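# Fold and geometry: a report
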Amino acid sequence: MIDVNELRKGVTFELDGNLLKVLDYSHNKTGRGNANIKVKARNLLTGANIERTFSSGQSVQDVSLDFANVSYLYNDGDLYYFMDNVTFEQPGIKKESLGDSAQFLTEGMEVKLTFYKGEAIDVELPTSVDLKVVEAEMAIRGDTATGVTKKVITETGVVVQCPNFVVVGDVIRVDTRTGEYVTRV
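So, here is what we can say about the structure in this document. (Residues numbered from 1 in each chain as written. Predicted model: local features only at pLDDT ≥ 70, side-chain atom pairs only at ≥ 80, totals over all residues. Heavy atoms only, no water.)

### Observations regarding the pattern of salt bridges
Applying the stated criterion to the full structure yields six salt bridges. As a salt-bridge pair, Lys-21 and Asp-122 come within 2.6 Å of each other at their nearest N and O atoms. Of the two residues, Lys-21 sits in strand 3 (residues 18–28) while Asp-122 sits in strand 11 (residues 119–124), which places them 101 residues apart along the sequence. There is no split in this pair, since Lys-21 and Asp-122 are both buried. Salt bridges linked by common partners bring Lys-21, Arg-42 and Asp-122 together as one network. (Salt bridge = Lys/Arg side-chain N within 4 Å of Asp/Glu carboxyl O. Helix = DSSP H or I, 4+ residues; strand = E, 2+ residues; numbered from the N terminus. Buried < 20%, exposed > 50% of the residue type's maximum accessible area, 1.4 Å probe, protein only.)

### Topic: the sheet that holds strand 2 (residues 12–15)
The strands that make up a sheet pair up through hydrogen bonds in the backbone, lying either parallel or antiparallel. Strand order in the open sheet formed by six strands is 1-6-2-3-4-5, with antiparallel pairing between adjacent strands. What marks the edges here is a single partner per strand, and that holds for strand 1 (2–3) and strand 5 (49–55). Bridge count between strand 1 and strand 6 (residues 59–62): two bridges; the pairing is antiparallel. Paired with Asp-3 across the bridge in strand 6 is Ser-59. (Pairing = 2+ DSSP bridges.)

### A short note on the environment of Asp-62
Checked against the element boundaries, Asp-62 lands in strand 6. For the pair formed by Asp-62 and Ser-97, sequence separation is 35 residues and the distance between their alpha carbons is 20 Å. Once you skip the residues sitting within four places of it in the chain, Asp-62 turns out to touch Met-1, Ile-2 and Thr-12. (Contact = heavy atoms within 4.5 Å.)

### With respect to the nonpolar core
Counting residues in each nonpolar core, the largest one holds 28 residues, and the members touching the most others are Phe-82, Leu-105, Val-111, Leu-113, Val-160 and Ile-172. Among the secondary structure elements, those contributing two or more residues to this core are strand 7 (66–75), strand 8 (79–84), strand 10 (110–116), strand 11, strand 12 (128–136), strand 14 (159–163) and strand 15 (171–175). Residues in contact with Val-160, not counting those within four places in the same chain, are Lys-150, Lys-151, Val-152, Thr-154, Ile-172, Val-174, Gly-179, Glu-180 and Tyr-181. Core analysis: the second largest hydrophobic core is formed by twelve residues, Leu-7, Val-22, Ile-37 and Phe-54 among them. (Core = buried A, V, L, I, M, F, W, Y, C linked by side-chain atoms within 4.5 Å.)

As far as function goes, none of this settles anything; it's purely spatial.
Below you can see the structure in the form of structure tokens.
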């Protein structure tokens, strides 16, 4: 069992027969009484997002997960396929289970795959990925004192706010946690 005070972003637990991964949490302590822990989590089996509030002192069921280093191969619309770097098996994950992580996957990318009872359920991306810009807005000269940005679209379809000097064909580094521009590579 895990005390709800120990729930943090990325922690996986079981509640009411559902496997949940914490996306965001907040801890609120009022003047009197117990603290409230508000958790936003994704159901790893269905892909649905839920919000739940716990009182301090409650517990949730801990789960045993297995991990494997894999390379992303391809997707066929609904399933995303990976290859285990040791056993060369090719497990697939539904797009709903991946959530926003799917938009950062590029062919050959090394990621960490999470298994629950032998079934692939989630993927852990590196903190940043390099993506090629395939479409960019025209840069507008003018107010450069405030750090003007423009929208660009990458090879995987991710829309990123970038500085004006980024053009089509550039490779940019994007933070996978926030989806923000980091630097031009």
